[in-house]
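# Results of the structural survey
Each chain is listed here by its residues.
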Amino acid sequence: MLLSVIIPVFNEEATLAALVERVRDAPVPASVTLEIVLVDDASSDGTRDILARLAEQNPSLRIVYHDHNVGKGGALHSGFDAATGDLVLIQDADLEYDPQDYNRLLAPILDGRADVVIGTRFHGEARRALRPVQALANRVITVLSNIVTGRRLTDIECCYKVFRAELLHRITLREKRFGFEPEVVAKMVRLGARIEEIPVAYRGRTYADGKKIGLRDGFRAIWCIVRYRLRD
């Protein structure tokens, strides 16, 4: 079983090397092999130098470079196209999420209970790391998504999502920024995918630390919830 870990990267020189090391050391079942796919979305800091060094040290890394910045969703599209795994997992590069959770995220799919697994920060200690405004926005977006899709999820905006790769091949993804999250959930529901949530660890960062999602992304997410549940 090959697991493709897709890591969209934009100006993450402070955390990238440590994150890749943590992914390489992530606990996965013996039957699972990791493929790491990094997509640089036209970084303007020292990220590309770090990627070049990582590639020299780890020839097995798959690295995709964008000529111009298109957004997280666009970077994920490129990562999905480059991935060759049976399963696909999304990992942010900023150390907010801990690869030590991989075993738990993979279990529902490997056990045959789910086709898609989404992390949730609203159970356990992780919810304490969410700023009140962030928690409220995520709650509103998730509740609206549940109303439209008929599911009972708690955190569709969570980075951690694992898919059977064949499901991703059956949909067309259009959102280039953070609208990817509600779009992919809506389209997985339309496919009839079995979706399970798993609590994950979370260490939130601030805008001063480099957080990139903003208010307009929240409004876009609400628009995406309605649009992609009804049509492509």
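Before any of the text, the structure's been laid out above.
Residues numbered from 1 in each chain as written. Predicted model: local features only at pLDDT ≥ 70, side-chain atom pairs only at ≥ 80, totals over all residues. Heavy atoms only, no water.

### Considerations on the environment of Gln-134
With respect to the element layout, Gln-134 can be found in helix 5 (residues 132-149). Look at Gln-134 and you get buried, because its relative accessible area is 10%. Separated by 70 residues in sequence, Gln-134 and Gly-204 place their C-alpha atoms 9.9 Å apart. (Helix = DSSP H or I, 4+ residues; strand = E, 2+ residues; numbered from the N terminus. Buried < 20%, exposed > 50% of the residue type's maximum accessible area, 1.4 Å probe, protein only.)

### Quick notes on the side chain of Thr-120
Among the structural elements, Thr-120 can be located in strand 5 (residues 116-120). Within the structure, Thr-120 has its side chain in polar contact with the backbone nitrogen of Phe-122 (distance 3.2 Å). Excluding residues within four positions of it along the chain, Thr-120 makes contact with Thr-154, Asp-155, Cys-158, Glu-197, Ile-198, Pro-199 and Val-200. (Polar contact = N/O pair within 3.5 Å; in protein donor to acceptor, adjacent residues only side chain to side chain. Contact = heavy atoms within 4.5 Å.)

### Section: the packing of helix 1 (residues 16-24) against helix 2 (residues 47-57)
Where helix 1 meets helix 2, the axes come as close as 10 Å, and the angle between the chain directions of the two elements is 35°. Contacts between helix 1 and helix 2 involve Leu-16, Ala-17 and Val-20 on the former and, on the latter, Thr-47, Ile-50, Leu-51 and Leu-54. Residues of the contact of helix 1 with helix 2, tallied by class, amount to six nonpolar, one polar and no charged. (Axes fitted to C-alpha atoms, helices over the stretch in contact; angles between N-to-C directions. Nonpolar A, V, L, I, M, F, W, Y, C, P; charged D, E, K, R; others polar.)

### Some details on the layout of surface pockets
What the second largest pocket holds in volume is close to 190 Å³. Considering the residues around the second largest pocket, the lining is formed by His-77, Phe-80, Asp-81, Ala-83, Thr-84, Gly-85, Val-88, Ala-165, Leu-168, His-169, Ile-171 and Leu-173. Among the secondary structure elements, those contributing two or more residues to the lining of the second largest pocket are helix 3 (72-82) and helix 6 (165-168). Among the residues making up the lining of the second largest pocket, the classes are represented as seven nonpolar, four polar and one charged. (1 Å grid on protein atoms, 1.4 Å probe; cavity = no way out; pocket = protein on both sides within 12 Å on 5 of 7 lines; lining within 4 Å. Points joined across faces, edges and corners; volume = space filled by probe spheres on them.)

### Observations concerning helix 4 (residues 102-110)
Residues lying three or four places apart along an α-helix face the same way, a consequence of the helix completing one turn every 3.6 residues. Within the span of helix 4, buried status applies to Tyr-102, Leu-105, Leu-106, Pro-108 and Ile-109. Along the axis of helix 4, the buried residues cluster in a sector spanning 155°; they form a single face. Check the buried side of helix 4 and you find it contacts strand 1 (2-9), helix 1, strand 4 (87-90), strand 5, strand 6 (161-164) and strand 7 (195-199). Once helix 4 ends, the next one or two residues include Gly-112, with phi positive near 85°. (Arc of directions from axis to C-beta.)

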